[in-house]
Amino acid sequence: MAVTRMGLLRTPYMMASFRRNLITSNSTQMAIKNVVVIGGGLMGSGIAQVAAQNGQNVTIVDLDQKVLDKAKNSINISLQRIAKKLFKDDSVKAEKFLSDSMAHVTLSTNPEQAVNQSDLVVEAIVEKLNIKQKLFQTLDAVAPTHTVFASNTSSLPIGEIAQSTNRKDRFVGLHFFNPVPVMKLLEVIRIPETSDDTYNLVMEWGKSIGKQTVTCKDTPGFIVNRLLVPYMMEAVRLLERGDATARDIDTAMKLGAGYPMGPFELLDYVGLDTSKFIIEGWAEKFPENPLFKPVPTLNRLVEEGKLGMKTGEGFYKYQKK
Ligand SMILES: CCCCCCC[C@H](O)CC(=O)SCCNC(=O)CCNC(=O)[C@H](O)C(C)(C)COP(=O)([O-])OP(=O)([O-])OC[C@H]1O[C@@H](n2cnc3c(N)ncnc32)[C@H](O)[C@@H]1OP(=O)([O-])[O-]
Ligand SMILES: NC(=O)c1ccc[n+]([C@@H]2O[C@H](COP(=O)([O-])OP(=O)(O)OC[C@H]3O[C@@H](n4cnc5c(N)ncnc54)[C@H](O)[C@@H]3O)[C@@H](O)[C@H]2O)c1
C-alpha cells in the first residue's frame, strides 16, 4: 500500500485511478487540446505540468525567458518524482512518461501569438486586478471565439477580472493549490454569466487532469482561502503579540491540528508577496472586517525582499537550490 502525506495514493485502487488520470485520455481532451498558461511562476509551471502529463499541448507564457527556462526545469524535476513513483520497477516506461510529457510543453514570451490556437487560457500572473484585466483585455481581442478564459486568482473577484472581456459566458475561475502536481483540489468558480457549456467543459477538464473539483460562487477567497487566509493572518498576529515563536506555532499546528505545514512554513511556501497582495486587497475592499487587517511583519519582510522559499528567506531561511 502506497501512503503519502496527502493520502494521495492510499490504496491500490487509488493508485490505479491516479495512473489512469495521468496517462489515459478521456472525452474532454477531445474538446480541450491546446492549453495556454500565462505566468510561468510557482503556480503556472504546476498547472502547465498537469495538463502536459495528461497529453494536452501546453504553452507557458511569461514576460521573462529566464522564468520560462526555470519553469521547464522545475516541471522536469517534478515529473521525475512522479515517474519514479508511478513506474518504480520500469525505467523505460518512466523515461517515456517523462519525455512524452515534456514534449507537450512549449515556451513563449508572446501572449498574443500563443493564444492563437488555444482552447483554454489559464492565467496565473501577479495578484493585481488591473494587471490581470489588462492582460485579458489584450487576449480577448486575439483569441479564437471558442476559447475559454480562466483565472487562477487566490482572492480577486472573477467577475471583475472578466469585466475586461467580451466573453463573460466563457470565463471562469480555476483555483489550483500549491504544489499543483500534488494537491488534488480544483475550485471552479462560476460567475452569473458563465454558460452551462463553459462550466461543464471546465469541470470535465478538471477531471481530465486528475483533479477533484468543487464549485463555489464568486465570493472572496472562494472556499479554501476564505478559511485559510484569516487563520494564517491570526498566526502572524499571535507572533506579533509575542505569544509564541513562529517555530512553536508551526509545530503546534502540525502536531496538534494535523496540518502538513504550519502557517509560517505555508506562508513561505505560498510566497509572502502573493500573501501581502491578497490581504491588502481584502483590507481595502472590506475595511470593517478585522480578520482582513494587514499585518506589519508581512509588509516588512516583503520590503526587505524576503518573499519566502522562492527568494531563500521569509519567516525562515532556506538553502538556495
Ligand atoms: C495571506 C495568506 C495567504 C494564503 C495563500 C493562499 C494561496 C492559494 O491561493 C491557495 C493555496 O495553494 S494554499 C496552499 C495549499 N498547500 C498546502 O497546504 C501544502 C501543504 N504541504 C504539503 O501538503 C506537503 O508539505 C508537501 C506536499 C508540500 C510536501 O510534502 P512533504 O511530505 O513535506 O515532503 P516530501 O516528502 O518532499 O513530499 C511528499 C510527497 O509529495 C511528492 N511531491 C512533493 N512536491 C512535489 C512536486 N512539486 N511534484 C511532484 N511530487 C511532489 C513527493 O514525491 C512525495 O511523494 P511520496 O509518495 O510521499 O514519496
Ligand atoms: N503561490 C500560491 O501558493 C498560489 C496558489 C493558488 C493561486 N495563486 C495565484 O496564482 C497567481 C500566480 O501566483 P504565483 O505564486 O505563481 O506567482 P509567481 O510570482 O510565482 O509567478 C507569477 C509569474 O507571472 C509573470 N507575469 C507577471 N505579469 C505577467 C504578464 N502580464 N504576462 C505574463 N507573465 C506575467 C511573472 O513574471 C511571474 O513569473 C496569483 O494570482 C496567485 O494569487 C497562488
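Under an unreviewed UniProt entry, the chain has the name Hydroxyacyl-coenzyme A dehydrogenase, mitochondrial and belongs to Daphnia magna. The record in UniProt for the chain states the following under Sequence similarities (unreviewed entry): "Belongs to the 3-hydroxyacyl-CoA dehydrogenase family." Listed in UniProt under the heading Pathway (unreviewed entry), the comment for the chain reads: "Lipid metabolism; fatty acid beta-oxidation."

Quick notes on the overall build of the chain
Counting secondary structure elements, the chain contains 14 helices and eight strands. In terms of overall dimensions, the chain is globule-like: its C-alpha atoms have a radius of gyration of 20 Å, near the 20 Å expected for 321 residues. A buried classification covers 41% of the 321 residues belonging to the chain. Across the chain, every contact between residues at least 6 apart in sequence was considered, and the portion connecting residues at least 24 apart equals 66%.

Some points on the site of ligand 2
Ligand 2 sits among 26 residues. The nearest are Gly39, Gly41, Met43, Ser154 and Asn178. Counting only elements with at least two residues in the shell around ligand 2, the list comes to helix H3 (42–52) and helix H7 (129–142). Broken down by element, the residue count for the shell around ligand 2 peaks at three residues, all from H3. Along the lines of polarity and charge, the residues of the shell around ligand 2 split into 13 nonpolar, ten polar and three charged. A domain split of the shell around ligand 2 shows at least three residues from each of domain 1 (12–216) and domain 2 (227–311).

Quick notes on the domain arrangement of the chain
Segmenting the chain into domains produces domain 1 (12–216) and domain 2 (227–311). Using C-alpha coordinates to define each centre, domain 1 is positioned 27 Å away from domain 2. Domain 1 puts seven residues into the contact, and the matching count from domain 2 is nine residues.

Quick word on the pairing of strand S7 (residues 185–190)
Across the six residues that make up S7, a large majority, five, are buried. Judged from the four bridges that link them, strand S6 (residues 171–175) and S7 form a sheet pairing that is antiparallel. Each bridged residue has a counterpart across the sheet, and for His175 the counterpart in S7 is Glu187. Inspection of the sheet shows S7 paired to strand S8 (residues 212–216) by five bridges, in the parallel sense. What sits directly across from Ile189, in S8, is Cys216.

Section: the nonpolar core
Soluble, globular proteins show a tendency: their nonpolar side chains are buried together. Core analysis: the largest hydrophobic core is formed by 56 residues, its most contacted members being Val37, Ile47, Ala48, Val121, Val122, Ala150 and Val172. Looking at this core element by element, the count peaks at seven residues for H3. Within the second largest apolar cluster, 22 residues are counted, among which are Ala246, Leu272, Leu298 and Leu307.

Describing the pairing of strand S1 (residues 34–38)
For S1, the buried fraction is high: five of the five residues fall into the buried class. What you see with S1 is no split at all: Asn34, Val36 and Ile38 on one side and Val35 and Val37 on the other are buried throughout. In this sheet, strand S2 (residues 57–61) lies alongside S1 in parallel orientation, the contact comprising five bridges. By the bridge assignment, Val37 is partnered in S2 with Ile60. The pairing of S1 with strand S4 (residues 120–123) spans four bridges and is classified as parallel. Within the sheet, the bridge partner assigned to Val35 lies in S4 and is Leu120.

Cut-offs and rules
- Residues numbered from 1 in each chain as written.
- Chains lettered and ligands numbered in written order.
- Predicted model: local features only at pLDDT ≥ 70, side-chain atom pairs only at ≥ 80, totals over all residues.
- UniProt positions renumbered as here; feature names shortened; annotations may be inferred.
- Helix = DSSP H or I, 4+ residues; strand = E, 2+ residues; numbered from the N terminus.
- Rg over C-alpha atoms; globule rule 2.2 N^0.38 Å.
- Buried ≥ 20, exposed ≤ 12 C-beta atoms within 10 Å, placed from the backbone.
- Contact = placed C-beta atoms within 7 Å.
- Near = placed C-beta within 6 Å.
- Nonpolar A, V, L, I, M, F, W, Y, C, P; charged D, E, K, R; others polar.
- Domains from an automatic or database assignment.
- Pairing = 2+ DSSP bridges.
- Core = buried A, V, L, I, M, F, W, Y, C linked by C-beta atoms within 7 Å.

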